[in-house]
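Residue-level structure breakdown
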Amino acid sequence: MQSAEHSSHAKHDAPLTIGPSQLGAVVAAAVAIAIAARFFDSGVPVVAAVIIAALVPKAHGWDVRGPIAAMAGLLALFIVRMWPGAEAAAPATTANAANAAVGGHTLTWIVAVPLAGALGILFMPRQAHATLRAATMTLMFAALVLALPLLHVSMGRGYHFNEDVMWMPRFGIHYHVAIDGISLWLVLLTVFIMPVATYASFGTIHTRLKDWCFALLLLEAGMLGAFFALDLFLFYVFWELMLIPMYIMIGVWGGSGRIYSAVKFFLYTFFGSVLMLGAILYIAYAYARVNGGQPSFDYFELERLMLPRHVQIWLWAAFTLAFVIKVPMFPVHTWLPDAHTEAPTAGSVLLAAVMLKMGTYGYLRFSMGLFPEASAEFGANLAGVAVLGGIVYGALCAWKQTDVKRLIAYSSVAHLGYVMLGLFALSQASLEGSILQMVNHGVSTGMLFLLFGVVYDRRHTRQIDEFGGLAKPMPVYAVLFVVATLASIGLPGTNGFIGEFMVITGTFASHNLGHFNGVQAVGAAVGVILGAIYMLMVVQKMFFGPITRKENAVLQDINARELVAVAPLAMMIFVIGLFPNIFLSQIKDAAARVQNDFDGRIMMNPAPRYYEGPIRLTSPRMEQPRAPTVEPTVEPSAERSVEAQAQAQAAVPAGEGH
Amino acid sequence: MLSLFPANDYALIAVILGMPLLGAFVNGIWGKRLGDSAVKLMTLTAVGVSFAAAVVAFIALAQGVSEQNDAHVRLTWNAWEWMHTTGGRDGQNIPIDVKFSIDQLNGIMMLVVTGVGFLIHLYATTYMAGDKGYARFFAYLNLFIFSMLVLILADNLPLLFVGWEGVGLCSYLLIGFWYESAPNAAAGKKAFLANRVGDFGLLCAMFLLAHYTGALDWNGIANGASSLVHPGEPWRVHVWPIGGGQYTGVLHFLQPLKPFTVSAATAVGLALLLGCTGKSAQIPLYIWLPDAMAGPTPVSALIHAATMVTAGVYLICRLSFVFVLSPFTMMVIAIVGASTALLAATIALVQNDIKKVLAYSTVSQLGFMFLGVGVGAFAAGFFHVFTHAFFKACLFLCAGSVIHSMHARIHDDDKAQDIRRMGGLRKWLPLTHGTFAVATAAIIGFPFTSGFFSKDEILYRAYVDRTINPMASSPLFKHFKLYEPPTWIGPVLYTAAVLAAAMTAFYMCRLYFLTFWGDFKGWTIGRPSLIAKQELGDEHGHDDHHHEDLTSPGYPPHESPWQMTVPLIVLAAFSLFAGVLNPGFGILKEKPLDHWLEPVFKAATEGAVVFGHGNDAEWAEHLEWTLALGGIGAFLFGTGLAYWMYVAQKGKPAARLAAEFPGAHQLLLDKWRIDELYDATIISMVDSLADTSAALDKTVIDGILARLTALIVAASGTILRAFQNGVVHMYAAMMVVGIAGMAWFFAVPHANATVVDAGNDDYVVSAAPGVGYGYRWDADGDGLPDQPDFAEASSVKLHLEPGKGPITVGLEVRNAFGLVKRKSISVARPQAPISSL
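What you are looking at is a predicted structure, and each value in this text was computed from that prediction instead of being measured.

This next bit is on the overall build of chain B. When you go through chain B residue by residue, the secondary structure sums to 28 helices and 12 strands. Here chain B has a C-alpha radius of gyration of 39 Å; the compact-globule value for 837 residues is 28 Å, and the former is much larger. When burial is assessed residue by residue, chain B has 50% of its 837 residues classed as buried. Looking at chain B alone, contacts between residues at least 24 apart form 77% of all its contacts between residues at least 6 apart.

Shown next as structure tokens:
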């Protein structure tokens, strides 16, 4: 392969010559396969690694092939290990891991590493760029490695890795973190995409590198914490914590209009957040009133509150507004194109891949969990907004953009329309599809932003018209971009299809959309056509046709750093597209739980479906993790949870008698 | 054979599918490094092995069929669990697996795809020689074969959709293969988008099927299909008012007294049909196929004639048991097919580009297939798919051979494909001429060629067959009127099809005569004195566009090498003889193909497809020869007219006609201006909608939410800034006003109280504190203070038994200035939940 590299400038169709170095490489690979096969149950990961490494275009050497092969091998290992039913083969290890992990501080460690790292970075010399980069990457990989044990546990319906420590006893504020099947993949998406974006950014960010590393690590800690937090106060702390680094990233390293965009981003999000803070305080206060004056911010405690309609709709509105701005949904989406356009590439990637999911996740966890009746009342209407204002309107707006990053931003509005539609529809498939689509959007839109960053670095323009015929000078880049495009428009076999398909079929099967489930499903399906229109428009204008500008004719194809950064996302597109069951099997039961809880609350109350009467508490539920002991979280069986529901229902009339 | 691979785990499918995929990978990734000859080897091996495995699988299938006495046999292979979704009335889980199966229907399709595919690959290895994207071309082509095989072998609809979109993607990539020219890329995009509109239909069909039948695999859909037709309201699809809701709003007059509903079978059928019209280029989505000819000719032969475009017909055959449940949908399919056949045939009459004529003829022939399956003659429609694959692939490859020879001198693609520049080619391209003639004979229905049998079967069945709802006899529908297609539809469809067949004969013969007969008009044939140096290095180079003088003498056109002619001969042989597989007119006692496919369609057609005239089999049988006269007459008329016009009269009548009716001629040349119509209506509508959205987003949404709020804040700031102007007098005045306000607040007592539920039916009323306040309570509600003097106690506790009414508590507050304020507070128990009453 070394000599292949040397002869890269030779004629294209020169036949493959096999020299000693190639022979050596083959032998070394064979030995490596043999050794690795001993350690792993099967040779699949190794074979995958070797094949993927061989697929790398010949312009690259082993410095590129190595990391990409490692990624491929690890992903293959992930598939083999996570295959539904695979855990049955090794029940002992899985159970042990679960037991060991449940009582531990796994989640705390995952948040603490980047957080402490961010603080540590502050004490490092500003000039030592290489050290800063190495430290940041190491910390991010450490977070990734620490997050891997989460995969060992079969999520089921329950919460895992529960850690509940009293923080401020007087206010009932806990440090309560846990994950379930819903947050699991979002957490993994975060720890997966952070190193990718960070690595890519090191190629372009050279000014204020120390601040950049600090912001990245703080952002990671904030995002992870927000996914972990099950205490509303803690959630709010992390929620705001991630706002600041992103604000700085756009405002300092952004494009020419960065200040306007950063301020707009901050004000929009902060407006919603403050309303949410008010609602959080109110709900804790309401809890205190029915709990003898002791407030609580704990999610499971607050979930037990029965709120009458006039209280619930306002609290729901405050929470939902905060989340909807973050998603963003029509009509509060206009901060997103501005923020994406001006943000540096890594900022756009993280914003699209993870931060927007905070809104959808928050709606699913908090708005729907704490205020199910209000969510049910307004869900059908909001589904209409998600389809018309998100899927259709977002796509139409995207089509008319002349700025590539703005276009991708509007496509995010459209894609998150699917996610929100799935949440509003709240059938088993639509919920699972939604959660998977959150991850999908992170992968494919993240990849699109990352790839666009490549040509942006070369041409420093975002206008579509400035490009044209790029497929000739940049063939590998064109292939990757087309792959990301196809994932984005939901071609079957890629990840986008799975999410969209499940959301659309689930929407049609939904009972929560009134008479409109059919229309919403059709509207969502129309989005499939519109998505193809705008994305293919970009591909055609950027890559095909004659080269219209001579500066484009000499563009360098994707380089080693960029290729290594994009490779894991490209692989994930197909991993999710072909083996979605790995992901769905973890999501499935948690989605069923959300649906059962929701329907349980709705069914609990008669016709107006809201609880009427003074605010009160229901009995605790089965999935609620118990006190912060070492006791492993017991996964309740199906009958038990049904029983619990029956009890809860019986409790209502008895609660406030004559 | 079945013992090696059991029927329920037929892993040989992995080989059939895997080889083309491997070929695509190897050629796509290492193609440039391997060199052209290795690419050729890889691509031919991939498709060849796939074909061999397909043959083995087919033999195993045949064995299984004979063992099980002509039952519907499936060889299945479940690769892995893919995903799942929710469906059915009670929202059960529908698993969707990566599962493939081979049965009688797709077994034949599989052989056609791999077999014809192999021949076209062989042809293309020479045709594309020297192209810069040689490896890329074969990577795409192998990927296409893989996708096509996924499409036909898939055992459930979502997996079929993978192949469905996969072939669309390959088609997109191959149409735009020479992407450096903008029109090619645009044609690719057009094809993809038209197909996406169809995919929208397919997606809708999928969620409808998932919901109504509770399954998405073929067996499951078949089992649940009966629930697609049910007279009950909840089982029907409510079109208007949407979803069956009742509105009481302002627009309530818009809703009819009786809701407009269609059966789920009709909704599913029409949605599927939309998907099929997209892929199979039927009205209204046929517009992409003629443009798709921008791709290399082998692509046109493989994708846009023989295989991909027949996917729609395949899907209708595959889900025949769903379609027959809705006679309305069946009628629509037949009408769409007949009108497409007619429309495309009229356009083909006047086109001058050899590939365009063939493209419209493909659209037209696909219309025949739709007509066939639309009247319930699934086997006849599928038989036409089968024969069409041979003769149309042959025609396209011949066209490629002709273009190849023209390209030696004329490097402009459009000119090299113009039949007005050809003529007399039979002298120089004898093999191409012969095979073209045979394939033309087949397509125009020359008696006893394959096309004759398949087309006549369709014409005949269009006249005599009638589709009725198979559920009609069910007691459920005693009081429910089911749709029945009108009786006159059969003769009308027959007439339209005969007209289309006559036109087919005319335009195909026109094409044949203009290309191969008469005098050569491309360039002057002469001594090659000047040619030697010109031809150096630019043999068929697509990038070499130097304009040469075509009047100077040059070599005559040359016949193609054997790699290109062997596929032509094989395909021509099949075009000629494939008819024996299903000859009509009682030539064989039993039609082999009908018999082979019978188990697949039996369940669908039983009770659903009957003969007209009161299901009179004898009547239908008697008509067979009579109706065949229409087809033969069409052939004779079309061929004769073309011979008279273009051979006997050397094209003069045609020129005269064109001169006499310039408007009509131009309209046909412009393809009825359907593209322009679409541009002016639906496309410009969506476009202006998008413009409006973008403008709205910029001005209204962003304007109100971002700029207006910013403006309000800024305006408030401006107003408040007026007070902070640094003038001491102003500050002093503000202070006076402020102090006066505060003095007023403290001078007046405030009687505010809150009620708190203290549990145990106790309620505490507490008054707001204030400096120097004294309180006097009236806790028993008698209207008089409980004690005469004001006291310090700022709260009072009440006990309220359940069921007791509200108590009015009086509160008097006196402040240090001796001013008193009174307030009465009503304390009531909160209402009990409704459920406990």
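After presenting the structure, the write-up continues.
Looking now at the overall build of chain A. In terms of helices and strands, chain A carries 26 helices and 4 strands. When contacts within chain A are restricted to residue pairs at least 6 apart in sequence, those whose partners lie at least 24 apart make up 80%.

Contacts between the two partners involve 62 residues from chain B, matched on the other side by 66 residues from chain A. Contributing elements (two or more residues each) for the side of chain B that touches chain A: α1 (12–34), β1 (75–87), α5 (157–175), α6 (182–213) and α27 (674–723) of chain B. When residues of the side of chain B that touches chain A are assigned to their parent elements, the largest contribution, 15 residues, is made by α6(B). Grouping the constituent residues of the side of chain B that touches chain A by class yields 32 nonpolar, 17 polar and 13 charged.

In this section: the environment of R814(B). All names here are of chain B. With respect to the element layout, R814 can be found in strand β11 (residues 807–814). For R814, a count of 18 C-beta atoms within 10 Å puts it in the partly exposed group. Note: C-alpha distance between R814 and K650 (164 residues apart in sequence) is 120 Å. Setting aside chain neighbours within four positions, we find R814 in contact with P749, G774, F790, L819 and V820.

On to the confidence of the model for chain A, then. On average, residues of chain A score 82 in pLDDT, and 83% of them reach the 70 mark or higher. Across residues 627–658 of chain A the pLDDT falls below 50, and counting only partners more than four positions away or on other chains, this stretch makes 52 contacts in the model.

Once that is clear, we can look at the sheet that holds strand β10 (residues 795–799) of chain B. Residue and element names in this part refer to chain B. Judged by pairing direction, the sheet is antiparallel, and its 3 strands sit side by side in the order β7-β8-β10 without closing on themselves. The open sheet terminates on both sides in strands that have one partner only, identified here as β7 (753–759) and β10. Ignoring strand direction, the axes of neighbouring strands in this sheet form an average angle of 25°. When β7 meets strand β8 (residues 762–767), the two strands line up antiparallel, connected through 6 bridges. Note on β8: the bridge partner recorded for V755 is V765.

Residue and element names in this part refer to chain B. Counting residues in each nonpolar core, the largest one holds 490 residues, and the members touching the most others are L149, V268, L371, A393, C394 and A497. When residues in this core are grouped by element, the largest group, 20 residues, is from helix α15 (residues 378–407). Apart from the residues lying within four places of it in its own chain, the contact partners of L149 are I16, L17, P20, M110 and V113.

On to unusual backbone geometry. A cis geometry characterises the amide bond from V327(A) onward to P328(A), with omega recorded as -10°. The peptide bond linking I283(B) to P284(B) adopts the cis configuration, its omega dihedral lying at 5°. Looking at the secondary structure, you find P284(B) in the loop between α8 (264–279) and α9 (288–291). Positive phi is not limited to glycine here, since N69(B) has a value of about 50°. We note that K671(B) has phi near 60°; this positive angle belongs to a residue other than glycine. With respect to the secondary-structure elements, K671(B) resides in the loop between α26 (662–669) and α27.

With that out of the way, let us pick up the environment of H304(B). Residue and element names in this part refer to chain B. When you line up the elements, H304 lands in helix α10 (residues 297–306). The spacing of H304 and D780 is 476 residues in sequence and 93 Å in space, taken between C-alpha atoms. For H304, the residues in contact, after removing those within four places along its chain, are L289, A292, V299, V309, A359 and T362.

All names here are of chain B. Here 3 strands make up an open sheet; going across it, the order is β9-β11-β12 and the pairing antiparallel. The open sheet has two free edges, formed respectively by β9 (774–778) and β12 (820–827), since each of these has just one partner strand. The sheet shows a mean angle of 20° between the axes of neighbouring strands, taken without regard to direction. Of the strand pairs in this sheet, β9 and β11 are connected by 5 bridges, and their pairing is antiparallel.

Moving on, we get to the confidence of the model for chain B. The predicted coordinates should not be examined in detail at positions where pLDDT is low. Residue and element names in this part refer to chain B. Within chain B, residue pLDDT values average 86, and 96% of them lie at 70 or more. Every residue in residues 536–546 scores below 50 in pLDDT, and together they form 10 contacts with partners more than four places removed in sequence or on other chains. We note a pTM of 0.87 for the whole complex and an ipTM of 0.86 for its interfaces.

Residues and elements named next belong to chain A. Between helix α9 (residues 181–201) and helix α10 (residues 209–228), whose axes approach to 9 Å, the crossing angle comes to 170°. Classified by the angle between their axes, α9 and α10 sit roughly antiparallel to one another. Contacts from S183, L186, V187, T190, M194 and T198 of α9 reach α10 at L216, E220, M223, L224 and F227. Here the contact of α9 with α10 is built from residues that sort into 7 nonpolar, 3 polar and 1 charged.

Now for helix α24 (residues 560–578) of chain A. Residue and element names in this part refer to chain A. In this model α24 runs 27 Å from its N-terminal to its C-terminal C-alpha over 19 residues, within 8% of the 27 Å that 1.5 Å per residue would give. Bending of α24 peaks at approximately 30° at the position of V566, with proline P568 no more than four residues after it. In terms of burial, α24 is largely enclosed, as 14 of its 19 residues are buried.

On to the pairing of strand β2 (residues 92–102) of chain B, then. Residues and elements named next belong to chain B. Relative to β2, β1 runs antiparallel, the two sharing 11 bridges. In the strand pairing of β2, L75 is matched with I102. Linking two consecutive strands that pair antiparallel, namely β1 and β2, is a turn of 4 residues; a positive phi of about 75° is found at G88 within it.

The subject of this paragraph is α15(B). Relative to the 44 Å expected for 30 residues at 1.5 Å per residue, α15(B) spans 42 Å between its end C-alpha atoms, a close match to the ideal helical length. The element α15(B) is extensively covered by neighbouring structure, given that 30 of its 30 residues are classed as buried.

Scoring rules and cut-offs
- Residues numbered from 1 in each chain as written.
- Chains lettered and ligands numbered in written order.
- Predicted model: local features only at pLDDT ≥ 70, side-chain atom pairs only at ≥ 80, totals over all residues.
- Helix = DSSP H or I, 4+ residues; strand = E, 2+ residues; numbered from the N terminus.
- Rg over C-alpha atoms; globule rule 2.2 N^0.38 Å.
- Buried ≥ 20, exposed ≤ 12 C-beta atoms within 10 Å, placed from the backbone.
- Contact = placed C-beta atoms within 7 Å.
- Nonpolar A, V, L, I, M, F, W, Y, C, P; charged D, E, K, R; others polar.
- pLDDT = per-residue confidence, 0-100.
- Pairing = 2+ DSSP bridges.
- Axes fitted to C-alpha atoms, helices over the stretch in contact; angles between N-to-C directions.
- Core = buried A, V, L, I, M, F, W, Y, C linked by C-beta atoms within 7 Å.
- Parallel < 35°, antiparallel > 145°, perpendicular 65-115°, else oblique.
- Expected span 1.5 Å × (residues − 1).
- Bend = angle between axes of the 7 residues up to and from the residue.

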